[in-house]
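Per-entry structural report
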Amino acid sequence: KGSGIRAKRKVLFYTPSPIKLDLKIDLVDVSYSNDEKDLSKLREYDVLVLGLYEAGHGLSFEHQWQIINYVQQGGNVIGIHDVVYGHFNLQLADVLFGSMRVETLGRGKLEISVNQNEKDHPICKDINTFTIDDDETFDVLLHKNSKVVFYDNCKYPVGWFRTHEKGNVFCFKIQSLL
């Protein structure tokens, strides 16, 4: 305190598939796990990143509620892609992220743009319109206090954030990021 030096943030990147991204970010210590048991240690982390993109995979009811309690007590969670598929992770979708209706368009390019009402939000810093390859677009049922920061070319939300009790939730529903 008072020295102007920020503490290093601890991040847990959980996905059921054994991947490891080579992320090197100043002031961030990233741990990777594909073991659901590590979700019982969430209090050790500042941020949980959920990359649940394995087809048909959902977290157990118990682990979904551990994540919800972590956020309610001030934790931060970032959900990527199918954390918002309600039929895999019903509690997470209902309580934290919102849920979606899928329209498969076939493989193609999606243009992602920044919501101009949120362009000054830190998560949008230095981001303009960009294009990715992805095979789906979908409408999302968001919580009332969600703020959309990114849309796709069909004008569906693809990135949003909200607070939930004492914690923060951010979701980016494009799998091509993984």
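Scope of this entry: the structure provided in the associated data block. (Residues numbered from 1 in each chain as written. Predicted model: local features only at pLDDT ≥ 70, side-chain atom pairs only at ≥ 80, totals over all residues. Heavy atoms only, no water.)

The next subject is helix α2 (residues 90-97). Most of α2 sits inside the fold, with six of its eight residues counted as buried. Those residues of α2 that sit buried are Gln91, Leu92, Ala93, Val95, Leu96 and Phe97. In the stretch just after α2, Gly98 is the one whose phi turns positive, near 100 degrees. (Buried < 20%, exposed > 50% of the residue type's maximum accessible area, 1.4 Å probe, protein only. Helix = DSSP H or I, 4+ residues; strand = E, 2+ residues; numbered from the N terminus.)

What follows is about the pattern of salt bridges. Using the criterion set out here, one finds one salt bridge in the structure. Lys41 serves as the salt-bridge partner of Asp38, at 3.2 Å between the closest nitrogen and oxygen. A relative accessible area of 22% places Asp38 in the partly exposed class. Looking at Lys41, the relative accessible area reads 38%, which means it is partly exposed. (Salt bridge = Lys/Arg side-chain N within 4 Å of Asp/Glu carboxyl O.)

What follows deals with the layout of surface pockets. Unoccupied space between atoms shows up once a probe the size of one water molecule is rolled over them. By volume, the second largest pocket amounts to about 200 Å³. Forming the boundary of the second largest pocket are Leu39, Ser40, Lys41, Leu42, Arg43, Tyr45, Gln66, Asn69, Tyr70, Gln73, Gly74 and Gly75. A class-by-class count of the residues in the lining of the second largest pocket yields four nonpolar, six polar and two charged. (1 Å grid on protein atoms, 1.4 Å probe; cavity = no way out; pocket = protein on both sides within 12 Å on 5 of 7 lines; lining within 4 Å. Points joined across faces, edges and corners; volume = space filled by probe spheres on them. Nonpolar A, V, L, I, M, F, W, Y, C, P; charged D, E, K, R; others polar.)

A few words now on helix α1 (residues 61-72). Residues that lie three or four places apart on an α-helix share one face, since the helix turns once every 3.6 residues. In this model, α1 (twelve residues) spans 16 Å end to end at C-alpha, consistent with the 16 Å of a helix rising 1.5 Å per residue. Within α1, the full set of buried residues consists of His63, Gln64, Ile67, Ile68, Tyr70, Val71 and Gln72. Those residues of α1 hidden inside the fold are in contact with β3 (47-51), β4 (76-80), α2, β8 (157-164) and β9 (167-172). Taken from the residues just after α1, Gly74 is the one with a positive phi, measuring 115 degrees. (Expected span 1.5 Å × (residues − 1). Contact = heavy atoms within 4.5 Å.)

Of all hydrophobic cores here, the largest spans 22 residues; its most connected members are Leu48, Ile67, Val77 and Leu96. Where this core is concerned, the elements lending two or more residues are β1 (9-14), β3, α1, α2 and β9. Not counting the four nearest positions on each side in its chain, Ile67 is found in contact with Leu39, Leu42, Leu48, Leu50, Leu59, Val77, Leu92 and Leu96. Within the second largest apolar cluster, eleven residues are counted, among which are Leu110, Cys124, Ile132 and Val149. (Core = buried A, V, L, I, M, F, W, Y, C linked by side-chain atoms within 4.5 Å.)

Tracing the backbone shows Lys173 in the segment after β9. Judged by its relative accessible area of 1%, Lys173 is buried.

Within the element layout of this structure, Ser146 appears in the loop between β6 (130-141) and β7 (147-151). Not counting the four nearest positions on each side in its chain, Ser146 is found in contact with Trp160, Phe161 and Arg162.

Another aspect to go through is the packing of aromatic side chains. Summed over all chains, the structure comprises three aromatic pairs. On the basis of an interplanar angle of 80 degrees and a centroid distance of 5.6 Å, the ring pair of Phe150 and Phe172 is categorised as edge-to-face. Taken together, the positions of Phe150 in strand β7 and Phe172 in strand β9 put the pair 22 residues apart, joining distant regions of the chain. According to the relative accessible area criterion, Phe150 is buried, its value standing at 3%. Geometry around Tyr45 places Lys10 over its ring, the cationic atom sitting 5.1 Å from the centre. (Phe/Tyr/Trp six-rings, centres within 6.5 Å; stacked < 30°, edge-to-face > 60°. Lys NZ or Arg CZ within 6 Å of the ring centre and 35° of its normal.)

Honestly, it's all geometry; don't read function into it.
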